[in-house]
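Notes for the structure review
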Amino acid sequence: MKKSLAVAILMIAMLAGGYLLRHQLSARHTEPSGAPAEAPLDFTLADLAGNRRSLSEWRGQVLLVNFWATWCAPCRREIPLLKATEAQQAENHLQVIGVAVDFTEDVLAYAKEAEFNYPILVGQQDAIAAAESSGIEFVGMPFTLVISADGHLIKAHIGEIVADDIESIAAVAAGLSAGELDLAAAKAALQRL
């Protein structure tokens, strides 16, 4: 009972806060400042089986790292699109990774229903810290990072990802994979997201 009440209060607070912050930040860019970080972006969280997984395991692929929660309606709406992206974009070396900012037992229950075809990592405060390791302030969910094959942040997106966004991200992943784009060109191509 206490856990349900705590989750409900947390959900209401995050929804209200996310709504207000999204509107305040709508004109604010979510680009990291300056040149790419010297060290590639990396963090370690548990997967659904409880194994510790590091982002660096997926080096060599462009990553679409989506931070979500089971109680977040826009997050849940994104999941079918992210599953389709995972299924269709392997040739572009684009890998979807979900990071649930949630309780493990809630994510495990939801995962049975969602039938994810991409890796899911789970954490609460650790997942928020992982998001903030990008250098972008974590203000609400959904929150998505696009990361180059060598681990550098290309783009951070606050809010729901839609099909047009995925098309742009997939085109950039293909361009990076083919050597047609460098990091600066990839960032420029995704600037509008």
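The structure we're discussing is the one just above.
These lines cover the structure that appears in this document, whether it is placed above or below. No experiment lies behind these values; they were computed from the predicted model shown.

Turning to the overall build of the protein, a few remarks are in order. In terms of regular secondary structure, the protein is built from 6 helices and 7 strands. Scanning the protein from its N terminus toward the C terminus, one meets helices and strands in the order α-β-β-β-α-β-α-β-α-β-β-α-α. Here the protein, with 193 residues, has 47% of them falling under the buried criterion. Partitioning the contacts of the protein with sequence separation of at least 6, the portion at a separation of at least 24 is 67%. Of the accessible surface of the protein, which amounts to about 9500 Å², a share of 56% is contributed by carbon and sulfur atoms.

Let's shift gears to the nonpolar core. When a protein is soluble and globular, its nonpolar side chains tend to lie buried together. Grouped together as the largest cluster of nonpolar side chains are 57 residues, with contacts concentrated most on Phe43, Val65, Phe67, Trp68, Phe116 and Leu145. Those residues in contact with tryptophan 68 that lie beyond four places of it in its chain are Cys75, Ile79, Gly98, Val99, Ala100, Val101, Val107, Tyr110, Phe116, Ile120 and Met141.

We now examine helix H4 (residues 125–132). Buried within H4 are the following residues: Ala127, Ile128, Ala130 and Ala131. Within H4, the buried residues cover an arc of 155 degrees as seen down the axis, which keeps them to one side. For H4, the exposed residues set more than 90 degrees away from the buried face come down to Gln125 and Asp126.

Buried residues dominate strand S7 (residues 153–158), accounting for 5 of its 6 residues. Bridging between strand S6 (residues 143–147) and S7 involves 5 bridges; their strand directions are antiparallel. For threonine 144, the partnering residue across the bridge sits in S7 and is histidine 157.

Bringing the environment of proline 119 into the picture now. One can find proline 119 in the loop between helix H3 (104–114) and strand S5 (120–123). Through-space distance from the C-alpha of proline 119 to that of leucine 48 is 8.3 Å; in sequence the pair is 71 residues apart. If we skip the residues at most four places from it in the chain, proline 119 touches Trp58, Gln95, Val96, Ile97 and Gly98.

The next thing to look at is the pairing of strand S3 (residues 62–68). Where burial is concerned, most of S3 is hidden: 7 out of the 7 residues are buried. What you see with S3 is no split at all: Val62, Leu64, Asn66 and Trp68 on one side and Leu63, Val65 and Phe67 on the other are buried throughout. One ladder, built from 7 bridges, connects S3 with strand S4 (residues 94–101); its direction is parallel. By the bridge assignment, tryptophan 68 is partnered in S4 with alanine 100. Note that the unit made of S3, helix H2 (residues 73–88) and S4 has a crossover that is right-handed. In terms of strand pairing, S3 meets S6 through 5 bridges, oriented antiparallel. Note on S6: the bridge partner recorded for leucine 64 is valine 146.

Following the criterion strictly, the structure yields 8 aromatic pairs and no others. Their ring planes at 65 degrees and their centres at 6.2 Å tell us that phenylalanine 67 and phenylalanine 138 sit as a pair that is edge-to-face. Of the two residues, phenylalanine 67 is situated in strand S3 and phenylalanine 138 in the loop between H4 and S6; the sequence distance between them amounts to 71 residues. The pair formed by phenylalanine 67 and phenylalanine 138 is uniform in burial state, with each residue classed as buried.

The rules behind each value
- Residues numbered from 1 in each chain as written.
- Predicted model: local features only at pLDDT ≥ 70, side-chain atom pairs only at ≥ 80, totals over all residues.
- Heavy atoms only, no water.
- Helix = DSSP H or I, 4+ residues; strand = E, 2+ residues; numbered from the N terminus.
- Buried < 20%, exposed > 50% of the residue type's maximum accessible area, 1.4 Å probe, protein only.
- Contact = heavy atoms within 4.5 Å.
- Areas by Shrake-Rupley, 256 points an atom, 1.4 Å probe, with all protein chains shown as cover.
- Core = buried A, V, L, I, M, F, W, Y, C linked by side-chain atoms within 4.5 Å.
- Arc of directions from axis to C-beta.
- Pairing = 2+ DSSP bridges.
- Right-handed = clockwise from strand over helix to strand, strands pointing away.
- Phe/Tyr/Trp six-rings, centres within 6.5 Å; stacked < 30°, edge-to-face > 60°.

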